[in-house]
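As a plain string of letters, each chain reads:
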Amino acid sequence: MKMREMEFKMERQGLLETGQKVTVTEGILPSSYYYTIDPSLAMSGNIPFRERLKSKEGTVVDIKQNERGFYVTVSFLDDK
């Protein structure tokens, strides 16, 4: 097992905090997956099939703001 980090876009400040445990829901597109932090707090970009997330529970490790919005980094224990 190893740690895997994934970035999510969060539309508003203050929805999540560092150290918070989160669960994600997997969505499927024709050529990729995407993940949403429950309950619809932030969304990942499109993830190729070969990089599918194995774990659905993680911990918020960082939150950053830039000119495009808020970005949340979540660390998952993944068996890849």
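Engineer: How do you make sense of the side chain of serine 55 when you look at a structure like this?
Structural biologist: Here serine 55 lies in the loop between β5 (47-48) and β6 (57-66). For serine 55, a relative accessible area of 16% corresponds to the buried category. Of note is the side chain of serine 55, whose polar atom sits 3.0 Å from the backbone oxygen of glutamate 57. Residues in contact with serine 55, not counting those within four places in the same chain, are Val24, Phe76, Leu77 and Asp78.

Engineer: Which parts of the structure should I look at to understand the packing of aromatic side chains?
Structural biologist: In this description, a pair of aromatic rings is defined by centroid distance and the angle of the planes. Within this structure, the stated rule accounts for two aromatic pairs. Seen in terms of ring centroids, phenylalanine 8 and phenylalanine 76 are 6.4 Å apart; in terms of plane orientation they differ by 50°. Their pairing is tilted. Taken together, the positions of phenylalanine 8 in strand β1 (residues 2-10) and phenylalanine 76 in strand β7 (residues 69-78) put the pair 68 residues apart, joining distant regions of the chain. Here phenylalanine 76 falls in the buried class, since its relative accessible area comes to 0%. With 5.0 Å between their ring centres and 75° between their planes, tyrosine 33 and phenylalanine 49 make a pair best called edge-to-face. Highlighted residues: tyrosine 33 in strand β3 (residues 32-37) and phenylalanine 49 in the loop between β5 and β6, separated in sequence by 16 residues.

What counts and how
Residues numbered from 1 in each chain as written. Predicted model: local features only at pLDDT ≥ 70, side-chain atom pairs only at ≥ 80, totals over all residues. Heavy atoms only, no water. Helix = DSSP H or I, 4+ residues; strand = E, 2+ residues; numbered from the N terminus. Buried < 20%, exposed > 50% of the residue type's maximum accessible area, 1.4 Å probe, protein only. Polar contact = N/O pair within 3.5 Å; in protein donor to acceptor, adjacent residues only side chain to side chain. Contact = heavy atoms within 4.5 Å. Phe/Tyr/Trp six-rings, centres within 6.5 Å; stacked < 30°, edge-to-face > 60°.

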